[in-house]
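Listed below are the residues making up each chain.
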Amino acid sequence: MAPRNHPVTVWLLPGAMLMLLSAAAAAAQGCAAARFQASARSFQRCTALPVLGATLYWTYHPANGTADLAFRAPQGAGGWVAWGINTDRPGSMVGSSVFVASPGAGGGAAVLMTVLESTSPSLTNGTLKFDVPVAPAAEYAGGAYTIYVTVALPGNNTVQNTVWQAGPLSGGRIAAHPMSGPNLQSTMRLDFLSGGRSVGTSNSVVHRRNLRNFQG
Ligand SMILES: *[C@@H]1O[C@H](CO)[C@@H](O)[C@H](O)[C@H]1NC(C)=O
Ligand SMILES: *[C@@H]1O[C@H](CO)[C@@H](O)[C@H](O)[C@H]1NC(C)=O
Ligand SMILES: *[C@@H]1O[C@H](CO)[C@@H](O)[C@H](O)[C@H]1NC(C)=O
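One structure accompanies this document, and this report is about it.

So, how was this worked out
Residues numbered from 1 in each chain as written. Chains lettered and ligands numbered in written order. Predicted model: local features only at pLDDT ≥ 70, side-chain atom pairs only at ≥ 80, totals over all residues. Heavy atoms only, no water. Helix = DSSP H or I, 4+ residues; strand = E, 2+ residues; numbered from the N terminus. Buried < 20%, exposed > 50% of the residue type's maximum accessible area, 1.4 Å probe, protein only. Salt bridge = Lys/Arg side-chain N within 4 Å of Asp/Glu carboxyl O. Near = heavy atom within 4 Å. Polar contact = N/O pair within 3.5 Å; in protein donor to acceptor, adjacent residues only side chain to side chain. Areas by Shrake-Rupley, 256 points an atom, 1.4 Å probe, with all protein chains shown as cover. Nonpolar A, V, L, I, M, F, W, Y, C, P; charged D, E, K, R; others polar. Core = buried A, V, L, I, M, F, W, Y, C linked by side-chain atoms within 4.5 Å. Contact = heavy atoms within 4.5 Å. Pairing = 2+ DSSP bridges. 1 Å grid on protein atoms, 1.4 Å probe; cavity = no way out; pocket = protein on both sides within 12 Å on 5 of 7 lines; lining within 4 Å. Points joined across faces, edges and corners; volume = space filled by probe spheres on them.

### A closer look at unusual backbone geometry
Thought 1: Of note, the phi angle at Leu123 is positive, near 60°, even though the residue is not glycine.
Thought 2: Counting through the fold element by element, Leu123 comes out in the loop between β6 (109-115) and β7 (134-141).
Thought 3: You can call Leu123 partly exposed: its relative accessible area is 24%.
Thought 4: The phi angle at Asn156 is positive, at roughly 50°, despite the residue not being glycine.

In structure tokens:
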């Protein structure tokens, strides 16, 4: 029956390849198709983050060691979202330098930059543990916040411990995020050069994923 199998293989192969190609195209389109209202920004890479429905888009500039990025996460208008880098250790919010987007006083979205000193941080709007050469900005549209950030990657290292978060407001002020489930899993080691990442804390199983499919 071998000779009869041959034409079947010839037929199946292009079909399988087509499916693979269209899957790759869909992934690439998801990244490239993202709309950024605040300006005509675009980014070379993106990845869907494993929890909280968030997506990170970025362009890394090797010449000056900076990354332009956009962090987008769904959230109600009465909530906040945040993204940042922990220069001290992986898998931890404490010690992280973060950008927090919340409703602005005059409408729109405001961003504050703060270092999380503890699990009950003061949220003082100040300077971070790395350079931020361009003032951050944020927008709220379509049920999601987007935070636009340019960072000098700490230590000029493309691999960083990233963190992100989402939580409610209370009396108009940023309040604690839920202390369970996805809100405790929102850390990831990310290589801004290759897109490679590992999810999870240092004492849990590390999942490695290659993000080439998410390239736009
Ligand atoms: C870094 O370099 C890129 C070009 O390689 C440039 O577009 C960008 O503005 C630079 N960023 C800063 C903060 O100097
Ligand atoms: C950062 O590292 C890159 C690549 O290793 C190098 O070309 C660049 O000069 C460095 N930039 C800074 C600001 O140290
Ligand atoms: C934090 O400070 C910056 C710079 O002074 C300012 O532009 C920004 O609106 C402040 N953020 C908040 C939430 O107050």
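Text resumes after the structure shown.
### Quick notes on the pattern of salt bridges
When the charged atoms of two side chains with opposite charge come close together, those side chains can pair.
Thought 1: Using the criterion set out here, one finds two salt bridges in the structure.
Thought 2: The closest approach of N and O atoms between Arg72 and Glu139, which form a salt bridge, is 3.7 Å. Note that Arg72 is positioned in strand β3 (residues 66-74) and Glu139 in strand β7, a separation of 67 residues in sequence. The same class applies to Arg72 as to Glu139, namely buried.

### Brief notes about the site of ligand 3
Thought 1: In the vicinity of ligand 3, the residues found are Ala110, Val111, Leu112 and Asn125.
Thought 2: Between ligand 3 and Val111, the relevant distance is 2.9 Å, taken from a nitrogen atom to a main-chain nitrogen or oxygen of the residue.
Thought 3: Asn125 places a side-chain nitrogen or oxygen 2.3 Å from an oxygen atom of ligand 3.
Thought 4: Taken by itself ligand 3 offers 360 Å² of open surface, and the protein chains cover 34% of this.
Thought 5: Partitioning the shell around ligand 3 into residue classes produces three nonpolar, one polar and no charged.

### Some remarks on the nonpolar core
Thought 1: Counting 31 residues, the largest nonpolar core has Phe71, Trp83, Phe99, Val151 and Phe192 as its most contacted members.
Thought 2: Looking at this core, the elements that each hand over two or more residues are β2 (55-61), β3, β4 (79-86), β5 (96-103), β6, β8 (144-152), β9 (159-170) and β11 (187-191).
Thought 3: If we ignore the near neighbours within four places in the chain, the residues touching Val151 are Gly65, Thr66, Ala67, Leu69, Ile85, Phe99, Phe130, Asp131 and Pro133.

### Observations regarding the pairing of strand β1 (residues 45-48)
Thought 1: Direction of pairing for β1 relative to β2: antiparallel, over a ladder of four bridges. By the bridge assignment, Arg45 is partnered in β2 with Trp58.
Thought 2: Here β1 folds back onto β2, and the loop between the two strands holds six residues, one of which, Leu52, carries a positive phi near 70°.

### With respect to the site of ligand 2
Thought 1: The local shell around ligand 2 consists of Pro62, Ala63, Asn64 and Asn156.
Thought 2: At 2.3 Å from an oxygen atom of ligand 2 is found a side-chain nitrogen or oxygen belonging to Asn156.
Thought 3: Across the complex, the protein chains shield 35% of the 360 Å² of accessible surface that ligand 2 would expose by itself.
Thought 4: Taken together, the residues that form the shell around ligand 2 break down as two nonpolar, two polar and no charged.

### Considering the layout of surface pockets
Thought 1: Space inside the largest pocket adds up to approximately 540 Å³.
Thought 2: Around the largest pocket sit 28 residues that line it, and Met93, Leu116, Thr119, Pro121 and His177 are the ones nearest its centre.
Thought 3: Breaking the lining of the largest pocket down by element, the ones donating at least two residues are β4, β5 and β9.
Thought 4: If one sorts the elements of the lining of the largest pocket by residue count, β4 sits on top with four residues.
Thought 5: Per-class residue counts for the lining of the largest pocket are 17 nonpolar, 11 polar and no charged.

It is worth stressing that arrangement in space is one thing and function is another; only the former is reported here.
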